[in-house]
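Descriptive structure summary
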Protein chains: 2
Amino acid sequence: MPLIYAFDHRHRRPPRELAELLGGKGANLAEMASVLELPVPPGFTIVTTACRRYRDGGWPASLDVELGRHVARLERRAGRRLGDPADPLLVSVRSGARFSMPGMMDTILNLGLNDRSVRALARTTGDEAFAHRSYARLLAMYGRIVMGVEAAAFDEPFEAAKAAEGVDDDARLSPRAWKELCRSHKAAIRAAARKPFPQDPHAQLRGAVEAVLRSWDGARAVAYREREGISHDLGTAVNVQAMVFGNRDDRSGTGVAFTRDAATGEDRPYGDFLVNAQGEDVVAGVRITQPLAALADEFPDQHAELLAIMDRLEAHYRDMLDLEFTIEQDRLWMLQVRVGKRTGVAALRMAVEMTTDPAIRLTRAEAVGRITPDHLDQILHPRLVGDDLEPVATGLAASPGAAVGAVVFTADDAVAGAAEGRSVILVRKETNPEDVHGLLASAGVLTSRGGLVSHAAVVARGWGKPAVVGAAAVEVRERSFAVGDVVVAEGDTISIDGSSGEVIAGAATLVVPEPPPEFDTILSWSDQIRRGKLAVRANADNGPDAARARAFGAEGIGLCRTEHMFLHEDRLPVVRQMILADTPEAEAEALEELRRVQHLDFTEILEAMDGLPVTVRLLDPPLHEFLPKVADLDLKAATGGLSPSEERLRRAAIDWAEENPMLGIRGVRLAVLKPGLYTMQVRALLDAVRDRIEAGGRPDVEVMIPLTVSAAEFELARSWVVEAAEELDITSNLLIGTMVETPRAALVADELARHADFFSMGTNDLTQMTFGFSRDDVEAKMMPAYVERHLLEGDPFHSVDVDGVGDLVRTCVARARAAKRRIPIGVCGEHGGDPASIAFFASAGLDYVSCSPFRVPIARLAAAHAVIAQKEGRLAGANADR
Amino acid sequence: MPLIYAFDHRHRRPPRELAELLGGKGANLAEMASVLELPVPPGFTIVTTACRRYRDGGWPASLDVELGRHVARLERRAGRRLGDPADPLLVSVRSGARFSMPGMMDTILNLGLNDRSVRALARTTGDEAFAHRSYARLLAMYGRIVMGVEAAAFDEPFEAAKAAEGVDDDARLSPRAWKELCRSHKAAIRAAARKPFPQDPHAQLRGAVEAVLRSWDGARAVAYREREGISHDLGTAVNVQAMVFGNRDDRSGTGVAFTRDAATGEDRPYGDFLVNAQGEDVVAGVRITQPLAALADEFPDQHAELLAIMDRLEAHYRDMLDLEFTIEQDRLWMLQVRVGKRTGVAALRMAVEMTTDPAIRLTRAEAVGRITPDHLDQILHPRLVGDDLEPVATGLAASPGAAVGAVVFTADDAVAGAAEGRSVILVRKETNPEDVHGLLASAGVLTSRGGLVSHAAVVARGWGKPAVVGAAAVEVRERSFAVGDVVVAEGDTISIDGSSGEVIAGAATLVVPEPPPEFDTILSWSDQIRRGKLAVRANADNGPDAARARAFGAEGIGLCRTEHMFLHEDRLPVVRQMILADTPEAEAEALEELRRVQHLDFTEILEAMDGLPVTVRLLDPPLHEFLPKVADLDLKAATGGLSPSEERLRRAAIDWAEENPMLGIRGVRLAVLKPGLYTMQVRALLDAVRDRIEAGGRPDVEVMIPLTVSAAEFELARSWVVEAAEELDITSNLLIGTMVETPRAALVADELARHADFFSMGTNDLTQMTFGFSRDDVEAKMMPAYVERHLLEGDPFHSVDVDGVGDLVRTCVARARAAKRRIPIGVCGEHGGDPASIAFFASAGLDYVSCSPFRVPIARLAAAHAVIAQKEGRLAGANADR
């Protein structure tokens, strides 16, 4: 295989599909040069294979020969020769990897200049300043990048020269100053590198190419790839291209353009242009650019040519493009093209409009494929905007969206503030069930402790409220909090961004997005694509949440956590009464009271989800979650003393305290020890079902037993449900299934499937148990170090761990379906709203995912992506590069 | 298939192998009658199939026909007919299941008597009292068992009759009294059952057989089977046999005999005999029995005949037997034979002696197969003896053996008491690392809190000290403890049994067993059998334990827990110094100090295990285990205030506190966050290796990384070990492997195996994570209810869960060996000492088990059993029935 291809090489496949070989930049240059025959300065690409070989065994021997041949060909095409003392060819040497790594790798311009050819350039251009400025630039770049000289060695004399001539724009420096700079740059190189700048242009080229190859393993590039999760093994390509000069004169210039508006999606070209300038000048933002339309006045022909090229390119790529062009002495050159980045609003508008654009005619599946979850996220959550957002602290991004409000420190103050119509942000060390009314009243929450499954995080996500948790730098005091020297008092305004974890002192500007009409179009197309393959349900625990979920397009409830009903402040005392009951009668009385309130909750939910399935999980958490902490009561006992009822609470708290609550007595285990509990819940649920039927509704209920480990355990729990149903004479259409959240449940899925009507994979707990990771303990403290050092491929609580947890999911599905071919298997829990996980679940053959109401639109989209990808025989997410 | 077989039916297979069909009793009766042609009263067995059919669909139609035919045949064989008014045949109807269920099921004697035949019996025997006594017995038994009359209805008139005649032995009652009792019994039946006692002997038989079949599902029998883990589906057989009367006259009698001494194993017949008595009289113990030898005087011929039969039976069964016989008017009848129960000492002696007994010639494998783990346990641990042991409390049996000693309540008092030469028992709510010196000084330990993996339990098992933990009824006070009204003060003597969990107030008699010489013989034979197949190592953390393990026959150390070295009271301060260090220098200094002491520990261990492999697990527990509890410090802060150093401890304790320590930052995770830790440990270990080599020893070290979840994590840890080894220039023979204790490690075993030199399955933690069971939390509170209700097949921490955890073990082995064919895989942790688990591990293809030193002999035996069983194509443990 050759190591170099000219841009105009006729590849067998379209070059833009060869980015792995040619790099992104090289692939698109080749597409323009060889397929579209657009005006691209001639050049060639050294492929990524060369970089990989270089990393393994140094400069490949064959590269010299190929380089020589391609330089000769380039010289012929350009009609000039490298180092020609009469009319020298100048080239640029640029890296170009498969994935864009902006600013991370090196570029060398004006290569080919030396002490002799610089004079030729001055002569042919008649511009001595231009020629020596170009040479000085080469010397500084080459000295720094290839020969390892400190940048300061070039910057200081340059600044001194500007000072000496009293100019602040380098374009104004005199030819004499530039000449002097060339001299001093060469001297600086000799002094620092202990050898002179190579005058031989071929030696320059070899040095520059090697430096670019070397820069792949430079510290900045490595760190960038680590952060972005790009493989170090890809290697970079190197593009060598004849120079064109937008800064040659006033009939020259350079610009960037988009084929459509990247911010709004509007179908009109858009861009910036600078006369007599190079690309860097446009990007640097020092000179004021002109809009693309202005080009029509000064360069009408080139403007028309450019628009025609943009039309051709867009029709060819069938997408919005971002391109760079240069005009050199009235001649238009295309320097780069790529698919353009865009906002969420723009992405939606473009995708929908391109389905009817006669030049493009996207299919609906293609349009859906153009939208990323990030695009939707931008539309679904408020954001903080402003250039000067200086966070005082950063915590875990626990629930997306942003909020601005006055700081309060207690749940009651939050309620009071909200009652006065103020936007408040609740700041706590951590929250607990007694703070729930405060969370509900707040615009957002900030805690200094806890991980992504802490109470505050889970509740906030459920309600779609922004939350920053575990911001360890925040020291929460009585009526203020401090971050280092900054003290924020009660009533002061702060801003939090639950998507980034940032906390800002003061009021940032909050942008509340308005979904464009294309939002619903894309989601309805997504639904058409995934219908019958992967359903999307929501996790919701009350009527309003259920209604919201339905509005977001949920096709049912996959997880209704009944414990959330227990945590309301008016119910907690009744739950405690049940726990403390010392006679069966007292317990029964408390259970009856709970039954009454749960009945109302269930009725509301079934009404909101009428006609759609509602999966109700019976009580899951351990009882001590409903009790005060032993340590707090002990402390009170030692200081102020306990009332008799507090003393009873303390004894109960001791009885039910656990070393490892995650692995303790909860779920069906608790029900085995407290047999009235589940019966009560089922009665409440079935009463609600009967009420709904009597009201003409179509309730569709699935009862789910949590934390099952054996078929016998499930059978016992099932018998309680069946008994209650028989008592109440409700038999129609009642499914009884189980969570699969222990590794054992997945392993004995065949046994369980013989008894269960459905499974729901609880991949949160399954992940905790499969890794032995207590999310509360490891996520904040350990996970960053683990992900950064690649000890794990990613945070397995964010995207499901395909090798370990995924293996259990696949085993579960295979064994369950071997025992009961059509048993419905879904997934509830947070992975159900993560696009990469959704792609895996689709490939594993699950029937539905369930996620928080606010993730439903994203899950609908991701599920469609997964279905499209499956059809194409790949895993979804591999194509997202815009 | 017939439902009935006569005892003398010629089966194709030896009848004693047909216990599943014939029941245990019936199989052995048939063996004696049909194969050996011994004098067995004629009869037949209704097979267990009939019982199963009866349970499913009531009385099988074909049973009537078969019963008629077999009764007719029995009448012919006996020469008498059922209900014959001249000379009636009498029969017994007895249950006889596959497994012995003593006293649980029903028996009816003297069936065939009625108002007419009783007179014939009186006539033919010339003994009116005997005849009516036999009839009265039938009426009482039949009335109670078949017709459901309360026992009191028969007992009360019987007691009244004895009172009236002034006798206390029923044999002395007058014929008139017996006749009267027959009358009153019949009246009682008529009154209670509202129908008369059936006079038709065939109706009696049918009723009796049905009652025995029914009794299989009687409450007592069901409860017994639940407790003993016997399947309800087996069903019972029913044996119908001609009656012989040991109580006929003074030329009659009955007895039980053993072919060898069941207590000592000595090869001499042994038994008890009563003249003019029935079986019940021997068992009841009211009359004083004569030794078997005395039979020679009164019944010399029968004595000789019996001894000859016993010889034949022992040679035939090739085992020690327990048999019942009756002499009726000088004629010897064999009524039952079975393999005899025996003590551990006797089992060992018999097994070894039978290998050279020319009539038996056991192979060594058979001899080893005759010994059960329980036999060895009896020999390895002290026991409490006495008939009147009344426990005041019962806790969890946490470490086997027993102790008697004076109660102390602090570790220091334990040390002081032991220094005075007193046996002391340490009583605490729970123990912690600061109590370790007290545990070491005590004869045993009793705690009121904690489960089978609590600190006290684990430490005690490691040292082979008896321990009862989690005895919730024990209320520990300052200088006493109370159980209800019983108060035990400091210095009072108590006795504890760590095998049963019993706590006895006062001094029980302690028997300290002395292993007989056959102990070593059997174990060395076991070793020959398992050599090269399943090795046995020990878990040991210090030199003395390692030496003890070696003495018990361990072939290396499979788990050396280095954290135990950290817990010594003189080291804890250094560990805390390391945790509290706020500069790298202070941390390095503490680590260096720890390195020094660990070096000494390792040297001792390597010396004790010279030439054998020693697997050293690097630090596993979370750091907070080395810190005081936050709540305790908070309490102190609120009451007395904290010193600055305590305040620092408190901050550290808060920093390192965890919600779920089992799933927290421990093992290799901790090492990733505290990188100096493992390097220090490896240096200490390798220093010790070098010292040992220099001293001419042959250290054989395996370094084990705990809690691995990914290959990258293992590789990082491995690199630390390799680096330290290279620094110290030690390269020879250093294996680096990992624990497999998270489900994920088992699932990605192929990846791990590519990097690891060996695996050790940590099935304790694997069980906790696979089930989601925190052993500390669920074992005491939940497991009893779960096992009792059959929600689990057994406590998975006791015997490995073959379906779930075992599936992960098999997956791990298969995937690991697919990647590295000969990778050694062992198991450490408590399952390694459990016979049933050892059998599974052998079948799963593991290379070794590792257990506490005191379990090593049992593991050696169980491993041999597993190897024998594998050869025979079955799982070990299925043959143990003695």
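Residues numbered from 1 in each chain as written. Chains lettered and ligands numbered in written order. Predicted model: local features only at pLDDT ≥ 70, side-chain atom pairs only at ≥ 80, totals over all residues. Heavy atoms only, no water.

All names here are of chain B. Neither face of strand β32 (residues 825–828) is left uncovered, since the one carrying Ile825 and Val827 and the one carrying Gly826 and Cys828 both have all their residues buried. Across two bridges, β32 lies against strand β33 (residues 848–851) in parallel orientation. If you follow Gly826 over to β33, its bridge partner there is Tyr848. (Buried < 20%, exposed > 50% of the residue type's maximum accessible area, 1.4 Å probe, protein only. Helix = DSSP H or I, 4+ residues; strand = E, 2+ residues; numbered from the N terminus. Pairing = 2+ DSSP bridges.)

On to the sheet that holds β32 of chain B. All names here are of chain B. Taken in spatial order, the eight strands close into a barrel running β26-β27-β28-β29-β30-β31-β32-β33, and their pairing is parallel. Going from strand to strand, the sheet's axes swing by 25° on average, the running direction of each strand aside. Direction of pairing for strand β31 (residues 759–762) relative to β32: parallel, over a ladder of four bridges. Note that in β32 the partner of Ser760 across the bridge is Gly826. Where helix α23 (residues 584–608) meets the sheet, its contacts fall on β27 (557–561), β28 (613–617) and β29 (700–705), and the angle it forms with β28 comes to roughly 155°. Against the sheet, helix α28 (residues 711–727) contacts β29 and β30 (735–740), and its axis sits at roughly 145° relative to β30. (Axes fitted to C-alpha atoms, helices over the stretch in contact; angles between N-to-C directions. Contact = heavy atoms within 4.5 Å.)

Attention now moves to the relation of the copies chain A and chain B. With an RMSD of 0.2 Å, the operation that places chain A on chain B is a rotation of 180° combined with a shift of 0.1 Å along the axis. The superposition operator between the copies reduces to a two-fold rotation axis. Distance from the rotation axis, computed per C-alpha, reaches its smallest value in chain A at Asn660 of chain A: 2.1 Å. When the interface residues of chain A are mapped onto chain B, 100% of them again lie at the interface, so the same face is used by both copies. (Least-squares fit on C-alpha atoms with pLDDT ≥ 70 in both.)

What follows concerns the state of the cysteines. A full pass over the atoms with the stated rule returns zero disulfides over all chains. With no disulfide of its own, Cys560 of chain A has Cys828 of chain A as its nearest cysteine by sulfur position, at a separation of 11 Å. (Disulfide = S-S within 2.5 Å.)

What follows deals with the nonpolar core. Among the nonpolar cores identified, the biggest contains 230 residues, and Phe759 of chain A together with Phe759 of chain B are the most heavily contacted of them. With residues near it in sequence (within four places) discarded, Phe759 of chain B still touches Thr738, Val740, Ala749, Leu752, Ala753, Cys812, Ala816, Ile823, Pro824, Ile825, Gly826 and Tyr848 of chain B. With 77 residues, the next largest nonpolar core counts Leu21, Ile108, Ile145 and Trp216 of chain A among its residues. (Core = buried A, V, L, I, M, F, W, Y, C linked by side-chain atoms within 4.5 Å.)

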